[in-house]
Amino acid sequence: MGEKDITEKTLEAYNDVFADIINVLLFDGKQVVRENELEDAIVRYHYKADQGKLHEMERDAAKYWKSSNIRIACFGYENQTESDIDAPLRGAGYDGSEYRRQMLADYEEITGKDGTKKIIRKRKLRYPVVTLFLYFGYKKHWDKPLELHKCLDIPEGLKPYVNNYKINLFEIAYLTEEQVSLFKSDFRIVADYFVQMRKNNCYAAKPETIKHVHELLELMTVLTDDQRFMDACSIVKKEAATMCEVLDQIENRGIEKGIEKGIEKGIEKGIGIGMDLIIKLSNILVSAGRMDDLKRAEADRSFLEGLIQELLPEERYAADRRNLQ
């Protein structure tokens, strides 16, 4: 994806969202994995290369699936906004690191009665590792290899001996409407957004309540590279909201910024309307629901003057007096 979501808690890291993605994509919506059966897994893996230098790999999200305190599996997600030719190599690295962690967990240090310490090995239960690549591109299908063999230049006769690791790829924008409807968490809103963008190249929000508001907006910022979702975080409360409300706030703020920018240009040309007036006017119009007037004021100077005379006559008069002094 090129950028990790480094917020305190990402949307996919919430157990309700994590379990929901697994249940829909792997089990056709059946509630096989319960959110209370999930436990945070380590997402960072270290390895040595380049003459012993320590390097790091990081998953986007990972959880252990447990039952009666016994690990059943380890699930991991990788978010992709573009096709990646090295995805099979990365997937093999993540899975291999987790299997290595299982082997290392066999070794324990114990202290004898005489105080001496020694390392013992007791083989623990092994469990499968499943990595899901979630592809959010909507302008075209994934067009890079899905298996290791197609990433490598394998010499003649060696191919039968090279293990062919394959990635589990899910193209979110190409899910059916029926599949999207199976999601029960905030991820349904994310999936619906990309499906609509693929089909219509635009998005019409539905009146669904968002549970993890800021985390959803932060993920949308990263996946769409649209900073307006992040800007909305400072406007929309963390409590439950709908995407309709979020988009309204984004639109309103965009209009306000557009008008402010226009007024700044006017001030540069010597037109005497202060920024304090335009900000107050914008807030009044937004609060009154007069969005059409707000949009018109951005392009129509005389209409803007009229609105100020209508709604802020005393403040405008005082400003004019200051400009004449």
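Further up the page is the structure itself.
Worth saying up front: this structure is predicted, and the values here are computed from it rather than measured.

Quick notes on the rules
- Residues numbered from 1 in each chain as written.
- Predicted model: local features only at pLDDT ≥ 70, side-chain atom pairs only at ≥ 80, totals over all residues.
- Heavy atoms only, no water.
- Helix = DSSP H or I, 4+ residues; strand = E, 2+ residues; numbered from the N terminus.
- Contact = heavy atoms within 4.5 Å.
- Areas by Shrake-Rupley, 256 points an atom, 1.4 Å probe, with all protein chains shown as cover.
- Phe/Tyr/Trp six-rings, centres within 6.5 Å; stacked < 30°, edge-to-face > 60°.
- Buried < 20%, exposed > 50% of the residue type's maximum accessible area, 1.4 Å probe, protein only.
- Lys NZ or Arg CZ within 6 Å of the ring centre and 35° of its normal.
- Arc of directions from axis to C-beta.
- Core = buried A, V, L, I, M, F, W, Y, C linked by side-chain atoms within 4.5 Å.
- Polar contact = N/O pair within 3.5 Å; in protein donor to acceptor, adjacent residues only side chain to side chain.
- Axes fitted to C-alpha atoms, helices over the stretch in contact; angles between N-to-C directions.
- Parallel < 35°, antiparallel > 145°, perpendicular 65-115°, else oblique.
- Left-handed = near helix turned anticlockwise from the far one by under 90°.
- Nonpolar A, V, L, I, M, F, W, Y, C, P; charged D, E, K, R; others polar.
- Pairing = 2+ DSSP bridges.

1. Some remarks on the overall build of the protein chain
Consideration 1: Looking only at helices and strands, the protein chain features 11 helices and 11 strands.
Consideration 2: Across the protein chain, contacts joining residues at least 24 apart in sequence account for 60% of those joining residues at least 6 apart.
Consideration 3: Roughly 19000 Å² of accessible area belongs to the protein chain as shown, and the carbon and sulfur atoms make up 49% of that amount.

2. What to know about the packing of aromatic side chains
Consideration 1: Scanning all chains against the criterion turns up 11 aromatic pairs.
Consideration 2: For the ring pair Tyr138 and Phe194, a centre distance of 6.4 Å and an interplane angle of 50° mean the geometry is tilted. Of this pair, Tyr138 sits in the loop between β8 (129–135) and β9 (168–171) while Phe194 sits in helix α4 (residues 187–200), and the two are 56 residues apart along the sequence.
Consideration 3: The class of Phe194 is buried, set by a relative accessible area of 1%.
Consideration 4: Relative to Phe194, the ring of Tyr193 has its centre 5.1 Å away and its plane inclined at 80°; by these criteria the two rings are edge-to-face. Here the two residues Tyr193 and Phe194 agree in accessibility, since each one is buried.
Consideration 5: Within the aromatic cluster, the residues linked to one another by ring pairs are Phe136, Tyr138, Phe183, Phe187, Tyr193, Phe194, Tyr203 and Phe229.
Consideration 6: When the ring centre of Phe303 is taken as origin, the NZ or CZ atom of Arg296, which lies over that ring, is 3.9 Å away.

3. Concerning helix α9 (residues 291–299)
Consideration 1: Restricting attention to buried positions, one finds in α9 the residues Met291, Leu294 and Ala297. Each buried residue of α9 lies within a common arc of 120° when the element is viewed along its axis, so the set occupies one face. Structural note: α9 exposes Asp292 and Ala299 on the side pointing more than 90 degrees away from its buried face.

4. Details of the nonpolar core
Consideration 1: Counting residues in hydrophobic clusters, the biggest one holds 48 residues, and the most contacted among them are Leu25, Leu134, Phe187, Val190 and Leu216.
Consideration 2: Breaking this core down by element, the ones donating at least two residues are α1 (15–27), β4 (61–67), β5 (70–80), β8, α4, α5 (213–224), α6 (227–233) and α7 (243–268).
Consideration 3: Beyond its immediate chain neighbours, meaning those up to four positions away, Leu25 contacts Leu132, Leu134, Phe170, Leu175 and Phe183.
Consideration 4: Residues Leu285, Met291, Ala297 and Leu304 belong to the second largest nonpolar core, which totals 12 residues.

5. Digging into the side chain of Arg59
Consideration 1: When you line up the elements, Arg59 lands in the loop between β3 (53–58) and β4.
Consideration 2: For Arg59, a relative accessible area of 1% translates into the label buried.
Consideration 3: Within polar-contact distance, the side chain of Arg59 engages the side chain of Asp95 at 3.2 Å.
Consideration 4: Of the polar contacts made by the side chain of Arg59, one reaches the side chain of Thr131; its length is 2.9 Å.

6. Here we look at the packing of α9 against helix α10 (residues 301–311)
Consideration 1: As a packed pair, α9 and α10 sit with axes 6 Å apart at the nearest point and diverge in direction by 130°. What the angle tells us is that α9 and α10 run oblique. Taken as a pair, α9 and α10 cross one another with a handedness that is left-handed. Contacts from Asp293, Arg296, Ala297 and Ala299 of α9 reach α10 at Arg301, Phe303, Leu304 and Leu307.
Consideration 2: When grouped by side-chain class, the residues that make up the contact of α9 with α10 number five nonpolar, no polar and three charged.

7. Some words on the sheet that holds β8
Consideration 1: Strand order in the open sheet formed by five strands is β1-β4-β5-β8-β9, with mixed pairing between adjacent strands. Looking along the sheet, the strands with just one partner apiece sit at the ends: β1 (38–40) and β9. With strand direction ignored, the average angle separating the axes of adjacent strands in the sheet is 30°.

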